[in-house]
Amino acid sequence: MSDKPTRILVVEDDLAILTGLSMNLNFEGYEVLQAQDGRQGLARALDESPDLLVLDVMLPELNGFEVLKELRQRGRDIPVVVLSAKGAEMDKILGLNLGADDYVVKPFGLQELLARIKAVLRRRYPVQGQPLTTGFGDVQVDLTAKTVTRGGQPVEFTAQEFKLLAYFLAHPGRTFNREELLSAAWGYGYEGSARTVDNFMRQLRLKLEPDPEAPKHFLTVRGLGYRFER
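Procedures and definitions
- Residues numbered from 1 in each chain as written.
- Predicted model: local features only at pLDDT ≥ 70, side-chain atom pairs only at ≥ 80, totals over all residues.
- Heavy atoms only, no water.
- Helix = DSSP H or I, 4+ residues; strand = E, 2+ residues; numbered from the N terminus.
- Rg over C-alpha atoms; globule rule 2.2 N^0.38 Å.
- Buried < 20%, exposed > 50% of the residue type's maximum accessible area, 1.4 Å probe, protein only.
- Contact = heavy atoms within 4.5 Å.
- Areas by Shrake-Rupley, 256 points an atom, 1.4 Å probe, with all protein chains shown as cover.
- Phe/Tyr/Trp six-rings, centres within 6.5 Å; stacked < 30°, edge-to-face > 60°.
- Salt bridge = Lys/Arg side-chain N within 4 Å of Asp/Glu carboxyl O.
- Core = buried A, V, L, I, M, F, W, Y, C linked by side-chain atoms within 4.5 Å.
- Pairing = 2+ DSSP bridges.
- Right-handed = clockwise from strand over helix to strand, strands pointing away.

Some details on the overall build of the protein chain
When helices and strands are tallied, the protein chain shows eight helices and 12 strands. Against the globule reference of 17 Å for 230 residues, the protein chain gives a C-alpha radius of gyration of 18 Å, in line with a compact fold. The dimensions of the protein chain, computed from C-alpha atoms along their principal axes, are 55 × 40 × 30 Å. When the 230 residues of the protein chain are sorted by exposure, 43% land in the buried category. Long-range contacts, defined here as pairs at least 24 residues apart, represent 57% of the contacts in the protein chain between residues at least 6 apart. Of the roughly 11,800 Å² of accessible surface on the protein chain, a fraction of 50% belongs to carbon and sulfur atoms.

A look at the packing of aromatic side chains
On inspection of all chains with the given rule, the structure shows six aromatic pairs. An aromatic cluster is present here, built from F136, Y167, F168, F176, F218 and F228 joined pairwise through their rings.

Examining the pattern of salt bridges
Where side chains of opposite charge bring their charged atoms close, a pairing between them can arise. If you walk through the whole model with that rule in mind, you get 16 salt bridges. For R116, the salt bridge identified is with D102, shortest N-O distance 2.9 Å. With R116 in helix α5 (residues 110-124) and D102 in strand β5 (residues 102-105), this residue pair connects regions lying 14 residues apart in the sequence. Using a relative accessible area of 16% as the deciding quantity, one classes D102 as buried. Two residues, R116 and E112, come together in a salt bridge whose shortest N-O distance is 2.9 Å. Here E112 and R116 lie together in helix α5, a separation of four residues that amounts to about one turn. Residue E112 is classed as partly exposed on the basis of its relative accessible area, which comes to 38%. Salt bridges sharing partners connect three or more residues here, namely R7, E31, R44 and E48.

Quick notes on the nonpolar core
Core analysis: the largest hydrophobic core is formed by 24 residues, its most contacted members being V148, L165, F168 and F218. Within the residue set of this core, elements represented by two or more residues are β7 (139-142), α6 (159-170), α7 (178-186), α8 (194-208) and β12 (225-228). Here this core gets six residues from one element, more than from any other, and that element is α6. With residues near it in sequence (within four places) discarded, V148 still touches V139, Q140, V141, Q153, P154, V155, F157, F162, L165 and L208.

Side note on the pairing of strand β3 (residues 52-56)
In terms of burial, β3 is largely enclosed, as five of its five residues are buried. Relative to strand β4 (residues 80-84), β3 is paired through four bridges, and the arrangement is parallel. Across the sheet, L55 pairs through a bridge with V82, a residue of β4. On the question of chirality, the crossover connecting β3 to the parallel β4 by way of helix α3 (residues 64-73) is right-handed.

This is the structure in structure tokens:
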């Protein structure tokens, strides 16, 4: 991220929550954008590309889940923190599977929400110049240098394979369909097919799985798509 203030779009129809949260985010040094319904929130997210989106679920026009789904289908990987009065486990799973980075249940403590926002921003926008490494099993990935080792030995990756790998690493435990992976890793509007994703998934398994025929990390979710597990 640059030296400019981090821009956070808050989409919330409760004026009291919208005002109070915006004031506190301003106090923390963030630049705050606002929207009070899902349609306006989606438009501002697409047009103004904020650094993070705080998104209520129960919104007029479009609900938060619909906004989130549309953003991901258009290949927009804006970090999203979902706010919801719905605390049921299935609602949380739905939000996370649609592409949310965190899910906060109302009523929430303001300091907890601010801490969660900061944590999401740290994960998604590491300090420039600081090496960012991650790993799973015997695999180590340097996201700064774009290198991969397995068992200490370098593994050759094409640029596109690495982009897909990095996308999975940023979203462990989340299921993506093939269209979402095409948009995220190849760019919105790319005219590849589902077979393109399948071929690249096979390469990831061949290069990184102990047994490519019985994968532990790059999993097929029958009828849905693929999921990465550490």
